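# Architecture and fold: a report
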Amino acid sequence: MASAVDLNADLGEGFGVWRLGDDDAMLGIVTSANVACGFHAGDPAGLLRVCRTAAERNVRIGAQVSYRDLAGFGRRFIDVTADDLLADVVYQIGALQGLAQAAGSAVSYVKPHGALYNTIVTNREQAAAVAEAVRSVDPGLPVLGLAGSVFFDEARQRGLRAVPEAFADRAYRPDGRLVSRREPGAVLHDPAAIAERVVGMVTNGSVTAVDGSMISISVESVCVHGDSPAAVQIAEAVRDRLDAEGIDLKAFS
């Protein structure tokens, strides 16, 4: 049974006058913030505000790197070349490093977003490009991702620390991958049920898949999606339930 676990959320995903999620409230709950880097969401002024609040509350800042896809919110696969993807990821990490430094903090880890996250579970060419991009910027930066992915293979080959995460509010397939958002039931909404599920993930290392089977899961960090309608209530329920089990919430980085 884990004595401590990290709680992360995707933040900074507004753009201009358009706001998505309650970043301020979430930064009072989570221990790590996956901050957008401008390619799938986020504008510089908004990202700087998130970094400043994270710094004030001692929340770790992670660079949430993505395909260049503002219109699709980074949830569409792009058949980008390895060289272009490597440069795009380096660029995004560098941009957020500057904003985090201006806010009195630093980028502590890297987490791919959306379609890129899911693609590099199995696509070795893109996984290698992302891992090499992180290594070339700072080999001391951990990467957050899915256990058993080829991304983790490529990261470890380059000496990067690979941190496995579980998703509080997403359904799992029997093979341990996430159910596509295009399928019904892919996103969970009941805060109490989600919190109970997370406790099982952290204490037993297992979760029930959509077909009813029990699958093993590795978890050092738990993700609550900041853009879910009940994101704040879900994050609060998860935090309270973990506290009740005597599990400390602690950043992994």
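Position labels on residues start from 1 in each chain and follow its written sequence. Local features in this predicted model are restricted to residues of pLDDT 70 or higher, and side-chain atom pairs are both shown and tallied only at a pLDDT of 80 or more, whereas totals for entire chains, interfaces and linings draw on every residue. Side-chain calculation: all heavy atoms of the structure are included, whereas hydrogens and water are not.

## Things to note about the overall build of the protein chain
Just so we agree on the cut-off: Working definition: helices are DSSP H or I runs of at least four residues, strands are E runs of at least two. Numbering for both runs from the N terminus. As a reference, a globule follows 2.2 Å times the number of residues to the power 0.38, and the radius of gyration itself is taken over C-alpha atoms. For each residue, the accessible area found with a 1.4 Å probe, counting protein chains only, is set against the maximum for its type, and the residue is called buried under 20%, exposed over 50%, and partly exposed in between.
Counting its regular elements, the protein chain contains eight helices and 10 strands. Computed over C-alpha atoms, the radius of gyration of the protein chain comes to 17 Å, within 12% of the 18 Å expected from 2.2 N^0.38 for 253 residues, which places it in the range of a compact globule. Overall, the protein chain is about 40 × 35 × 35 Å in size when its C-alpha atoms are taken along their principal axes. Counting every position in the protein chain, which comprises 253 residues, the buried fraction comes to 55%.

## Quick word on the side chain of Asp 6
Our working rule: The charge count includes Lys and Arg as positive and Asp and Glu as negative, but it does not include His or the ends of the chains. Salt bridges are counted wherever a side-chain nitrogen of Lys or Arg sits within 4 Å of a carboxyl oxygen of Asp or Glu. Contacts: residue pairs with any heavy atoms within 4.5 Å of one another.
Positionally, Asp 6 belongs in strand 1 (residues 4-11). No salt bridge forms around the buried Asp 6; measuring N to O, its nearest opposite-charge neighbour Arg 60 is 7.9 Å away. Setting aside anything within four residues of it in sequence, one finds Asp 6 in contact with Thr 31, Ser 32, Glu 220, Ser 221, Val 222, Lys 250, Ala 251 and Phe 252.

## Thoughts on a negative patch on the surface
Stated formally: Note on patches: the residues involved have over 30% relative accessible area and no salt bridge, like charges join within 9 Å, and the nonpolar side chains Val, Leu, Ile, Met, Phe, Trp and Tyr join within 5 Å. Each accessible area is a Shrake-Rupley estimate made with a 1.4 Å probe; only the visible protein chains count as cover when residues are assessed. A charge is said to be at NZ when it belongs to Lys, at CZ for Arg, at CG for Asp and at CD for Glu.
A contiguous patch of negative charge on the surface is contributed by Asp 79, Asp 83, Asp 84 and Glu 125. Here Asp 83 shows up in helix 3 (residues 82-102).

## Brief notes about the pairing of strand 1
Heads up, the condition is: Note: two strands are recorded as paired if DSSP finds a minimum of 2 bridges between them.
Of all eight residues that make up strand 1, seven are buried, and the element is covered over most of its length. In terms of strand pairing, strand 1 meets strand 10 (residues 248-249) through two bridges, oriented parallel. Paired with Ala 4 across the two strands is Asp 248, which belongs to strand 10. In this sheet, strand 9 (residues 221-224) lies alongside strand 1 in parallel orientation, the contact comprising four bridges. From the neighbouring strand, Leu 7 faces strand 9, where its bridge partner is Val 222.

## Describing the packing of aromatic side chains
As a reminder, the rule being used: Ring pairs are drawn from Phe, Tyr and Trp, using the six-membered ring of Trp, whenever the two centres fall within 6.5 Å, and their geometry is named by plane angle: stacked under 30 degrees, edge-to-face over 60, tilted for the rest.
Inspection of every chain in the model, using the stated rule, returns five aromatic pairs. A ring pair is formed by Tyr 67 and Phe 77, whose centres lie 6.2 Å apart and whose planes are at 85°; its orientation type is edge-to-face. In this pair, Tyr 67 is assigned in the loop between strand 3 (60-65) and helix 3 and Phe 77 in the loop between strand 3 and helix 3, connecting sequence segments 10 residues apart. Classification of Tyr 67 as buried rests on a relative accessible area of 2%. Look at Tyr 117 and Phe 167: their rings are 5.5 Å apart centre to centre, the planes differ by 85°, and that puts the pair in the edge-to-face class.

## What to know about the layout of surface pockets
To keep it simple, the criterion reads: Space inside and on the surface of the protein is sampled on a 1 Å grid over the protein atoms alone, with a cavity defined as a set of points where a 1.4 Å probe fits but cannot get out and a pocket as an open set with protein on both sides within 12 Å along at least 5 of 7 lines; lining residues have an atom within 4 Å of a point. Grid points are joined across faces, edges and corners, and a volume is the space filled by probe spheres set on the points. Put simply, Ala, Val, Leu, Ile, Met, Phe, Trp, Tyr, Cys and Pro go in the nonpolar bin, Asp, Glu, Lys and Arg in the charged bin, and everything else, Gly too, in the polar bin.
Of the voids in this model, the largest pocket is the one considered here, and its volume is about 560 Å³. Gly 114, Ala 115, Asn 118, Arg 170 and Arg 181 are the residues nearest the centre of the largest pocket, which is lined by 28 residues in total. Only strand 4 (107-112) and helix 4 (114-119) provide two or more residues apiece to the lining of the largest pocket. Grouping the amino acids of the lining of the largest pocket by side-chain chemistry returns 10 nonpolar, seven polar and 11 charged. In this structure, the second largest pocket spans a volume of roughly 230 Å³. Arg 19, Asp 23, Gly 46, Arg 49 and Val 50 are, among the 17 residues lining the second largest pocket, the residues nearest its centre. Those elements that provide at least two residues to the lining of the second largest pocket are helix 1 (23-26) and helix 2 (44-56). In terms of residue class, the lining of the second largest pocket is made up of five nonpolar, six polar and six charged.

## Some thoughts on helix 2
Convention followed: To estimate how far a helix should reach, multiply one less than its number of residues by 1.5 Å.
Here helix 2 spans 18 Å end to end across 13 residues, near enough to the 18 Å set by a 1.5 Å rise per residue. Among the residues making up helix 2, those that are buried are Gly 46, Leu 47, Leu 48, Val 50, Cys 51, Thr 53 and Ala 54. Its buried side turned inward, helix 2 meets strand 1, helix 1, strand 2 (32-36), strand 3 and helix 3. Looking at the residues trailing helix 2, positive phi occurs at Asn 58, about 60°.

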